Amino acid sequence: MNRVSTITTDALHAILGQQGLKILDCSVARGRQAGDCQYINYHKQHIPGAQMIDLDNFRDMTTDLPFMMPNEAQFIHTMKRYNIKLSDHVVCYDTSGMQFFGFRVAWMLYAMGHENVQVLAGGFPKWLKEGKPTSTHDDSTDHKDFEYKLNPDRIKLYEQIKEFSESDHSAFQLLDARGPGEFEQAHIPGAKNFPFGKMFTEDKELLPADERKALFESAGVDLSKDIVVSCAGGISATVLYGGL
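Residues numbered from 1 in each chain as written. Predicted model: local features only at pLDDT ≥ 70, side-chain atom pairs only at ≥ 80, totals over all residues. Heavy atoms only, no water.

*Asks:* Help me understand the side chain of Gln173, please; the structure alone is not making it clear to me.
*Replies:* Relative to the assigned elements, Gln173 resides in strand β6 (residues 173-176). On the accessibility criterion, Gln173 (12% relative accessible area) is buried. Excluding its chain neighbours within four sequence positions, the residues that come into contact with Gln173 are Gly220, Val221, Asp222, Lys225, Asp226, Ile227 and Val228. (Helix = DSSP H or I, 4+ residues; strand = E, 2+ residues; numbered from the N terminus. Buried < 20%, exposed > 50% of the residue type's maximum accessible area, 1.4 Å probe, protein only. Contact = heavy atoms within 4.5 Å.)

Here it is, written out as C-alpha cells:
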C-alpha cells in the first residue's frame, strides 16, 4: 500500500527555499504546562520557511473527541489559509522525538489526496542537534517595538479581589457583567450586577455615551471613582470595560 515517507534533515536542508516547498511545524503542547505554548516556541525558533499549523483547531470542531478529521470544506479552507496546493512538496515536523504530530498532519494531507508529503526524520530535535539553521518569526523586527510590560493598575489579581470581598468594599467598585440569574446564584461579596447587554441597542451597537452614563449612574455606579469589572470567564467583563 502507499505510505507517507520520511525525509532526512540533510535532504531538507539542501532544498530550503525551493519553489513549491511548504514546511509545517505541527507541534502540539501536551499537558499544557505553564509556559508550554507551541506558538511561543515556534516564534522563538523554527526551521526557516516553516509555518505553524494548529492541530487544536485543525480538526472536526463539531465534536469533543480529540483530533477528529475535519470535513473537506474545513480542510480546504485551512489549506488555502496556508497556501498549500496539491502540487506542493510538503514536509511536516514537530518538536517531539518521534514526530507524533508531524505524522498526524502528513497522514491528514495524504488522506485528503496529497501525494507529495513527507515527515522530517528525527524532527526538530535532530535538526537542532546538527546545528542546522533556524529562524525566529521575523528576524528583521526591532525588539523595542515589542517591549510590552503589564501595567499593574489595569488588572486586579485574585488576592486583591479576595481582600476586597473580605473588607468593607470601599477600595473600589466591583461590577459583575453577568446576567442577573448567574449573579443571584453566586457572586463576589460587595459586587454590583451590571449585565453588559444593557449597554447595547437592538442593533447590537453600544448606546450613546450619555445614555450609558445615565444607566451606570442609575445603577448606583460612581463614575468618578475606581471601577473594576468581572464576569465568569474574563470575556464579557471586557465588553463592560469598553462600555465604561
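*Asks:* What exactly am I supposed to notice about the pairing of strand β5 (residues 117-120) here?
*Replies:* Side chains on a regular strand alternate between the two faces of the sheet. Residues Val117 and Val119 line one face of β5 and the alternating positions Gln118 and Leu120 line the opposite face, and both faces are buried. Where strand β1 (residues 5-7) and β5 come together, 3 bridges link them in parallel fashion. Across the sheet, residue Ser5 finds its bridge partner in β5, namely Gln118. Of the strand pairs in this sheet, strand β4 (residues 89-93) and β5 are connected by 3 bridges, and their pairing is parallel. Residue pairing in the sheet places Val91 in a bridge with Gln118 of β5. With helix α4 (residues 100-111) bridging β4 and the parallel β5, this β-α-β connection has right-handed handedness. (Pairing = 2+ DSSP bridges. Right-handed = clockwise from strand over helix to strand, strands pointing away.)

*Asks:* Whenever I open this one, the layout of surface pockets confuses me. Can you help?
*Replies:* Gaps left between atoms are located by rolling a probe of water-molecule size over the structure's atoms. Looking at the largest pocket, its volume works out to about 670 Å³. What lines the largest pocket is a set of 20 residues, and nearest its centre among them are Arg154, Ile155, Lys156, Val228 and Val229. Secondary structure elements with two or more residues in the lining of the largest pocket: α6 (158-165), β8 (227-230) and α9 (236-243). Among the elements that line the lining of the largest pocket, the one with the most residues is β8, at 4 residues. Taken together, the residues that form the lining of the largest pocket break down as 13 nonpolar, 3 polar and 4 charged. (1 Å grid on protein atoms, 1.4 Å probe; cavity = no way out; pocket = protein on both sides within 12 Å on 5 of 7 lines; lining within 4 Å. Points joined across faces, edges and corners; volume = space filled by probe spheres on them. Nonpolar A, V, L, I, M, F, W, Y, C, P; charged D, E, K, R; others polar.)

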